[in-house]
Amino acid sequence: MSSTAPNAGGQTKAEEEDFEPKIIVFCCNWCSYAGADLAGVSRLQMPPYFRVIRVMCSARVDPEFVLRAFQKGADGVLVAGCHPADCHYIGGNYRTRRRIALLRILLQQFGFDPGRLKLAWISAGEGEKFQKTIIEFTDVVNELGPSPIGSSD
Amino acid sequence: MADKIKIAQYWGAGCGGCDVALLDIDAKILDVHALAEVVFWPIGFDGKLADIEAMPDKSITVSFYNGAIRNSENEHVAKMLREKSVVMIAFGSCACFGGTPGLANVTNKEEVFQTVYKDTASTDNPDFITPQTHLKVPEGEVDLPEFYDSVKTLDEVVDVDYFMPGCPPTVNLIALAVDAVAKHVTEGADLPPKGTVIASDKTLCDECDRERVETGRRIEKIYQSYEIKADPKKCLLDQGIICIGPATRAGCGSMCPKANMPCRGCMGPTKAVMDHGGSMLSALSSLLNITDSESKLSEEQIIELMMQVKDPLGTFYAFTLPKSLLRRTVTEKRKRKG
Ligand code: SF4
Ligand code: SF4
Ligand code: SF4
Ligand code: FES
């Protein structure tokens with residue numbers, strides 16, 4: 001997840017301009033949602049292609065939610081939770097971390113670039129980290145282009 | 001013969017096990033015989049599709065369709081039997097969820113043909129001749145079914161009334177279905193509501209009598225079942241052997257754990273679950289060792305921990321890939337740099 005070069009893929013100019021990625025962001029109520037909120041009230045600029053879904057804890061993000069998002073054509077999914085040791089429900093984010101790691105292996109087996117699924121730790125005070133995460137993730141998804149769902153039918 | 005109901009049994013992309021399973025019901029087969037006349041059963045006796053085609057609509061009481069939909073013939077017969085039958089039953093895991101043949105959804109027609117008609121060691125086919133759906137030869141014209149890119153479930157191509165999961169469905173579940181139909185025919189009892197899965201609504205773990213760790217369940221390490229000698233009394237998952245029981249529908253009597261083997265999930269997902277694999281992935285991730293030093297583990301260590309699950313797709317979707325949310329593999333158009 002290190003690439004930050006904007007639109008570095010091999011796509012044509014036209015495709016590049018037309019592509020408006022659909023990005024789903026799951027934010028836990030106690031840290032990341034507050035972080036997203038802070039980014040908002042601080043008027044930090046971000047690419048507008050993401051939709052935030054608030055969940056009580058990142059561990060509430062059932063793998064089915066992520067698979068469902070990709071099934072419905074999401075180009076990228078970001079799961080954001082409290083930093084290790086900070087989860088409101090003590091160990092929720094540790095479960096999340098395992099699930100997302102395994103889900104990324106699974107998605108790769110399904111043929112997806114695992115970069116389309118990202119996990120980030122964002123605290124309530126980290127509005128800037130939220131902004132940076134969104135910018136970087138949008139870059140990655142832009143570079144990958146539209147979701148391959150339905151490509152092999 | 002006049003009062004007997006008519007039943008049909010067909011195999012799509014299956015292994016034949018489901019056909020045999022129907023014969024496995026011992027004395028119950030006499031009930032079937034007293035009640036029904038088998039009008040079509042390709043594995044059992046010679047029957048012609050044209051004869052079925054000539055029958056009036058809804059003249060067959062029950063059709064048991066086993067096997068998945070792999071080619072246009074499977075689909076054609078499914079549609080025909082649907083028209084001719086009052087009740088259409090998806091019989092076995094292949095018809096219900098794609099089953100083992102459904103794992104072919106990690107590949108496609110082109111790759112399957114490449115392997116089967118070219119790459120296998122015993123194949124000598126330098127011109128790479130593959131089956132054509134239509135061919136003119138001096139003797140006349142021949143048609144072959146079209147092989148599909150993806151394996152489909154029965155309910156993707158026709159309206160299905162009941163689902164009987166299992167690879168193959170067990171004798172007691174078949175007996176349940178036979179009884180329900182018999183009661184309907186002889187006593188006018190209501191059939192179960194449409195869409196009923198003829199099995200249990202619980203999870204397999206509920207009917208498994210192995211001892212589970214009730215609080216603080218955790219797995220230290222994941223083993224393939226051949227790597228350790230499993231304790232015959234304790235829950236297999238607690239011993240680190242991946243058992244799909246927590247995500248799987250009960251009804252088989254937890255046959256595999258009884259034989260000291262982990263469940264592979266042939267009964268399909270439980271009622272509340274959309275995706276069998278996602279559900280098992282969730283259950284397994286929650287069990288893996290979470291310790292006090294957890295917050296110090298790096299992301300790399302977590303990946304290493306989870307890499308112990310060899311082949312998650314094949315493990316978690318061994319019977320249900322075509323029925324999963326993603327249904328099949330996809331191909332990314334672009335590769336990301338670095
Ligand atoms: S469900 Fe199992 S027994 Fe039945 S046809 Fe499929 S593979 Fe064979
Ligand atoms: S995980 Fe497997 S062995 Fe353990 S209780 Fe469930 S079905 Fe039985
Ligand atoms: S234990 Fe699992 S794999 Fe074995 S028969 Fe039952 S559902 Fe199928
Ligand atoms: S509450 Fe934020 S990750 Fe659990």
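One numbering rule holds for all chains: residues counted from 1, following each sequence as written. Ligands are numbered from 1 and chains lettered from A, in the order in which they are written. Local features in a predicted model are, by the rule used here, given only for residues with pLDDT of at least 70; side-chain atom pairs are given and counted only at 80 or more, and totals for whole chains, interfaces and linings are based on all residues. The basis for every side-chain value is the complete set of heavy atoms in the structure, and neither hydrogens nor water enter the calculation.

Strand-to-strand pairing in sheets goes through backbone hydrogen bonds, with the strands running parallel or antiparallel. Residue and element names in this part refer to chain B. Here, strands pair whenever DSSP counts at least two bridges between them. Secondary structure counts use DSSP, requiring at least four H or I residues in a row for a helix and at least two E residues in a row for a strand, with both numbered from the N terminus. Strand order across the open sheet formed by five strands is S2-S1-S3-S5-S9, with parallel pairing between neighbours. The two strands at the open ends of the sheet, each matched to only one other strand, are strand S2 (36-40) and strand S9 (162-164). Neighbour to neighbour, the strand axes of the sheet diverge by 25° on average, direction disregarded. Judged from the six bridges that link them, strand S3 (residues 60-66) and strand S5 (residues 85-91) form a sheet pairing that is parallel. Bridging from a neighbouring strand, Tyr 65 pairs with Ala 90 of S5. Running at roughly 80° to S2, helix H2 (residues 28-35) makes contact with strand S1 (5-11) and S2 of the sheet. Only C-alpha atoms enter the line fits that serve as axes; for helices the fit covers just the stretch in contact. Angles between N-to-C directions range over 0 to 180 degrees. The criterion used for residue contact is that any of the two residues' heavy atoms lie within 4.5 Å.

Time to look at the site of ligand 3. All names here are of chain B. Around ligand 3, the surrounding shell consists of Leu 204, Thr 248, Cys 252, Met 255, Cys 256, Pro 257, Cys 263, Arg 264, Gly 265, Cys 266 and Met 267. Take the shell around ligand 3: its biggest share by element is three residues, from helix H10 (residues 255-258). Here the shell around ligand 3 is built from residues that sort into eight nonpolar, two polar and one charged. If a single non-hydrogen atom of a residue is within 4 Å of a molecule or strand, that residue counts as near it. The classification used treats Ala, Val, Leu, Ile, Met, Phe, Trp, Tyr, Cys and Pro as nonpolar, Asp, Glu, Lys and Arg as charged, and all other residues, Gly among them, as polar.

A few words on the packing of aromatic side chains. Any pair of Phe, Tyr and Trp rings, taking the six-membered ring for Trp, is counted once the centres come within 6.5 Å. Such a pair is stacked with planes under 30 degrees apart, edge-to-face with planes over 60 apart, and tilted for the rest. On inspection of all chains with the given rule, the structure shows nine aromatic pairs over all chains. Summarising the aromatic geometry, the rings of Phe110(A) and Tyr317(B) are spaced 5.6 Å apart at their centres and angled 80° between planes, so their arrangement reads as edge-to-face. Taken together, the residues span two chains, with Phe110(A) in the loop between helix H4 (92-109) and strand S4 (117-121) and Tyr317(B) in the segment after helix H13 (312-316). Exposure classes here rest on a 1.4 Å probe applied to the protein chains alone. A residue is buried below 20% of its type maximum, exposed above 50%, and partly exposed in between. Under the relative-accessibility criterion, Phe110(A) is labelled buried at 0%. Residue Tyr317(B) is classed as buried on the basis of its relative accessible area of 1%. Both rings, one in Phe113(B) and one in Phe147(B), keep their centres 5.3 Å apart while their planes meet at 50°; by these two values the pair is tilted. Separated by 34 residues along the polypeptide, Phe113(B) in helix H6 (residues 109-119) and Phe147(B) in strand S8 (residues 147-152) bring together distant segments of the chain.

A separate point is the domain arrangement of chain B. Residues and elements named next belong to chain B. For the domain bounds, the source is a domain assignment made automatically or taken from a database. For chain B, the assigned domains read domain 1 (5-100 + 150-187) and domain 2 (204-323). Taking only C-alpha atoms into account, the centre of domain 1 sits 32 Å from that of domain 2. Domain 1 puts 16 residues into the contact, and the matching count from domain 2 is 13 residues. What counts as buried area is the accessible surface, traced by a 1.4 Å probe, that two parts surrender upon association, with contributions from both included. Counting each side, the surface lost to burial between domain 1 and domain 2 is near 1,000 Å², with a carbon and sulfur contribution of 64%. For this analysis, a salt bridge means a side-chain nitrogen from Lys or Arg found within 4 Å of a carboxyl oxygen belonging to Asp or Glu. Across the domain 1-domain 2 interface, the total number found is one salt bridge. Polar contacts, as used here, are pairs of N or O atoms within 3.5 Å; protein pairs need one atom able to donate a hydrogen and one able to accept it. Residues neighboring in sequence count only if both atoms are side-chain atoms. For the interface between domain 1 and domain 2, the tally reads three residue pairs in polar contact (both at pLDDT 80 or more). Elements with a minimum of two residues in the side of domain 1 that touches domain 2: helix H5 (93-97), helix H7 (154-157) and helix H8 (171-187). Considering every element that reaches the side of domain 1 that touches domain 2, the biggest residue donor is H5, with three residues. Residues of the side of domain 1 that touches domain 2, tallied by class, amount to six nonpolar, eight polar and two charged.

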